[in-house]
Amino acid sequence: MKQNAPQILVINCGSSSLKFALIPVGETEPSLSGLAECLYLDDARIIFKTAEGKETESLNGGDHGTALDALIHFLERHGWRDSVVAVGHRVVQGGDLFKASVLIDDSVLKGIEDVSSLAPLHNPGHLIGMRGAIKCFPTLPQVAVFDTAFHQTMPPAAYMYAIPTKFYEDYAIRRYGFHGTSHRFIAGEAVKTLKLDPQNHGIVIAHLGNGASATAVKNGKSVDTTMGLTPLEGLIMGTRSGDIDPAIMYFLNKNAGMSPEEIDNMLNKQSGLLGISGISSDCRTLEEAAAAGDERAKLALDMFVHRLARHIGGLASSLDHLDALIFTGGIGENSVLIRKMTMDRLKTLGVVPDYAANELATRGKSGIISKAGGPIVAVINTNEEWMIANDTAELAGITK
C-alpha cells in the first residue's frame, strides 16, 4: 500500500475498551488493528497489530481519551495520520431513530445520547469515542454505524413484546436485535458466494462468539433475530444466560435476597457457558474439557447447541424457504464440533452434513459444509470493520 493512500479509521468504544482498525479505501484487510483494554484500571494497555508484528504500550490507568491519544501518536509515528480521510464508529444501540448508517453531526450525537438509556454500558462510551475523534480530526467526515439498524426491517410481530403497549409507547421497550453489522455483511456475502437469487432467498445466519445471535434474512432484509431489547436475550453465550423465564428474577429477589443489580450482573457476566460449566466462557477450553470427560463442560456444549438449533428452527419459520444456514463469528468460523452437533440436530430441516468439509472449515477457511439434497450450510468469515469502513467511505463520498 502507498504510504499516503486514503484510509478509513474505524473506532469501536466499549465501556472500558477501544477497538480500532485502519483500512485502506477499497481494501478488505487493515493496515493497522488493535485494542485498548482495561481502561481506567492500573493495567490499562493498548495493543497495535501491523504486518510487522504486535506492539503493546502501557496506558497507566488511562481512559478513552488516553487511548485515542496513543492511537493518534502511533499513526503519526508511522506516517499514517495524514492518510486518514474519514472515521467510522460502531454504535451498539440506535433505537428507532436510526435505520441506517449516518454522517455524524450535532443532531446525531444528541439522538445517540437520547437512546443511551437502552444501552447504558455502551452508548456513552461510543459518544466519548466520537467526540474525541472529532477533536482529533475536526475537518474529516465521521460516520455512525449502528448494530441495530439492520434489524429495523423486522415486522411488529417479530419486534414487539407481549406486554402492555404503553411500555413501548412510553419507554421504547421492544426487540431491537444486535450484531446487525455482521449479519448485514454475511447476508451480502452469502448471496454472492452461494449464488442465491438476490430477490428470492431465505437465510439464517448464526453469529457465534462470546456474544451470540442468529437472524432470519429474507431477500436481504432482517425479518427476525434472537437478541431483544438488550444483547441478553436469545442464545446461550459466553457469560450471558440467553432466554430464561422472567419469573426467575423475581424468585431470586424474593428467595435468595438478590438485588436487581446483582441479578443483572449474574445473568450477563456469570451465566452462559461459564455458569453452566464452572470452568470457562471459552468454547475451546470447554471442548478440551469435554473431550477429557468433564460432564459439566459436556452439558454446557449440549445446552449451547440445543438452544442454537431450536432458535434456527424457529427463525426458519419466518422465511418462505430456507436456502442457506451460515455460521460465522469466532465459534461459528472455528468450532468444527459445534457446527457438527448443530447440523446433526437440524436434519428435520433437511440439512445433509458434509463432515469432511466441516473439518476443513477452520482457521480462516470458509466454505460449504453440507451435501446436496437440503439447504446449503456454509462457513463465511465476517468482517464488521470492513462493513463500517465501507459505509463510511460511501457516505463520505470517498472512492479509491
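See the structure above.
Described below are features of the structure shown in this document. The structure displayed is predicted, hence computed values, not measured ones. (Residues numbered from 1 in each chain as written. Predicted model: local features only at pLDDT ≥ 70, side-chain atom pairs only at ≥ 80, totals over all residues. Heavy atoms only, no water.)

### Points about the overall build of the chain
Put simply, the test is: Elements are defined by DSSP. Helices are runs of H or I of four residues or more, strands are runs of E of two residues or more, and each kind is numbered from the N terminus. Buried, partly exposed and exposed residues are distinguished by accessible area as a fraction of the type maximum, computed with a 1.4 Å probe on protein chains only: under 20%, between the cut-offs, and over 50%, respectively. For this analysis, residues touch if any pair of their heavy atoms sits within 4.5 Å. Per-residue and other accessible areas follow the Shrake-Rupley method at a 1.4 Å probe size, with only the shown protein chains counted as cover for residues. Charge assignment in this entry is limited to Lys and Arg as positive and Asp and Glu as negative, and neither His nor the chain termini are counted. Just so you know, the charge point we use is NZ for Lys, CZ for Arg, CG for Asp and CD for Glu.
If you tally the helices and strands in the chain, you get 15 helices and 14 strands. Seen through its C-alpha atoms, the chain measures out along the principal axes to roughly 55 × 55 × 45 Å. Classification of the 400 residues of the chain by burial places 50% in the buried group. Within the chain, counting contacts between residues at least 6 apart in sequence, those at least 24 apart form 61% of the total. Counting only carbon and sulfur atoms, one obtains 53% of the accessible surface of the chain, whose full area is about 18200 Å². Across the chain, the 36 positively charged side chains and the 45 negatively charged ones have centroids separated by 4 Å.

### Looking at empty space enclosed by the protein
Put simply, the rule reads: Cavities and pockets are found on a 1 Å grid laid over the protein atoms alone: a cavity is a set of points where a 1.4 Å probe fits but cannot escape, a pocket is an open set with protein on both sides within 12 Å along at least five of seven lines, and a lining residue has an atom within 4 Å of such a point. Grid points are joined across faces, edges and corners, and a volume is the space filled by probe spheres set on the points. Lys, Arg, Asp and Glu make up the charged group, whereas Ala, Val, Leu, Ile, Met, Phe, Trp, Tyr, Cys and Pro make up the nonpolar group; the residues left over, Gly among them, are polar.
The final tally for this structure, using the stated rule, is one cavity of 30 Å³ or more. Considering only enclosed or pocket space, the largest cavity measures out at about 40 Å³ in volume. A per-class count over the lining of the largest cavity returns one nonpolar, five polar and two charged.

### Looking at the sheet that holds strand β11 (residues 221-225)
Condition: At least two DSSP bridges between two strands are required for those strands to pair.
A sheet is described by the order of its strands in space; here six strands give the open sequence β11-β10-β9-β12-β14-β13, paired in mixed fashion. Looking at which strands have only one partner, the edges of the open sheet turn out to be β11 and β13 (367-368). Pairing of strand β9 (residues 202-208) with strand β10 (residues 212-218), which is carried by seven bridges, proceeds in the antiparallel orientation. When the bridges of β10 are listed, Val204 appears paired with Ala216.

### Some words on the pairing of strand β14 (residues 376-379)
Alignment of strand β12 (residues 324-328) against β14, held across four bridges, turns out to be parallel. Within β14, the position partnered with Ala324 by the bridge is Ile376. For β13 and β14, the ladder comprises two bridges, and the chain directions are antiparallel. Bridged to Gly367 within β14 is Val379.

### Notes on the layout of surface pockets
By volume, the second largest pocket amounts to about 180 Å³. Across the lining of the second largest pocket, the residue classes tally to five nonpolar, four polar and three charged.

### Side note on the packing of aromatic side chains
Test applied: Aromatic pairs are defined between Phe, Tyr and Trp rings, using the six-membered ring for Trp, whenever the two ring centres lie within 6.5 Å; interplanar angles under 30 degrees are classed as stacked, those over 60 as edge-to-face, and all others as tilted.
Tallying each qualifying case throughout the model produces six aromatic pairs. For the ring pair Phe98 and Phe146, a centre distance of 4.4 Å and an interplane angle of 10 degrees mean the geometry is stacked. You can see Phe98 sitting in the loop between β6 (84-91) and β7 (102-103) and its partner Phe146 sitting in strand β8 (residues 142-146), a full 48 residues away along the chain. Assessed through its relative accessible area of 2%, Phe146 is described here as buried. With 5.7 Å between their ring centres and 65 degrees between their planes, Phe185 and Trp386 make a pair best called edge-to-face. Separated by 201 residues along the polypeptide, Phe185 in helix α6 (residues 180-193) and Trp386 in helix α15 (residues 384-396) bring together distant segments of the chain. On the accessibility criterion, Phe185 (10% relative accessible area) is buried. Counting every residue linked through ring pairs, the aromatic cluster contains Phe20, Phe48 and Phe74.

### Some thoughts on the packing of α6 against α15
The line we're drawing: For helices, the fitted axis covers only the stretch in contact; all axes are lines through C-alpha atoms, and the angles between them, taken along N-to-C directions, range from 0 to 180 degrees. Should an angle fall under 35 degrees it is called roughly parallel, over 145 degrees roughly antiparallel, and 65 to 115 degrees roughly perpendicular, with every other angle called oblique.
At a minimum axis distance of 9 Å, the contact between α6 and α15 shows a crossing angle of 85 degrees. It follows from the interaxial angle that α6 and α15 lie roughly perpendicular. Residues Thr181, Ser182, Arg184 and Phe185 of α6 lie in contact with α15, whose contacting residues are Glu384, Trp386, Met387, Ile388 and Asp391. Looking at the contact of α6 with α15, its residues break down into four nonpolar, two polar and three charged.

### Structural notes on the nonpolar core
Defined as follows: Take the buried Ala, Val, Leu, Ile, Met, Phe, Trp, Tyr and Cys residues and link them wherever side-chain atoms come within 4.5 Å; each set so joined is a nonpolar core.
Counting 43 residues, the largest nonpolar core has Leu208, Phe304, Leu308, Phe327 and Ile338 as the members making the most contacts within it. Contributions of two or more residues to this core are made by β9, β10, α9 (272-277), α10 (283-291), α11 (295-316), β12, α13 (336-345) and β14. Apart from residues lying up to four places away in sequence, Phe327 is in contact with Ala206, Leu208, Leu308, Gly332, Arg339, Thr342, Ile369, Val377, Ala378, Val379 and Ile380. Counting 26 residues, the second-largest nonpolar core is a separate cluster that includes Ile46, Ala67, Ile72 and Val87.

### Quick word on a nonpolar patch on the surface
Short version of the rule: Like-charged residues within 9 Å of one another, or nonpolar side chains (Val, Leu, Ile, Met, Phe, Trp, Tyr) within 5 Å, are grouped into patches, provided each residue has over 30% relative accessible area and no salt bridge. Take a side-chain nitrogen of Lys or Arg and a carboxyl oxygen of Asp or Glu: if they are within 4 Å of each other, that pair is a salt bridge.
There is a patch of nonpolar side chains on the surface, built from Ile244, Ile248 and Met249 and spanning about 210 Å² of accessible area. Residue placement: Ile244 occurs in the loop between β11 and α7 (247-255).

### Some words on the environment of Leu97
Here Leu97 shows up in the loop between β6 and β7. Among the residues examined, Leu97 registers a relative accessible area of 52% and is labelled exposed. For the pair Leu97 and Leu286, spaced 189 residues apart in sequence, the C-alpha to C-alpha distance is 40 Å. Apart from residues no more than four positions distant in its own chain, Leu97 is found in contact with Gly111 and Val115.

### A closer look at the sheet that holds β6
Read from one edge of the open sheet, eight strands run β5-β4-β3-β2-β1-β6-β8-β7, paired in mixed fashion. Edge positions in the sheet fall to β5 (53-58) and β7, since each of these pairs with one other strand and no more. Bridge analysis of strand β1 (residues 7-13) against strand β2 (residues 18-24) gives seven bridges, and the strand direction is antiparallel. Paired with Ile8 across the strands is Ile23, a residue of β2.

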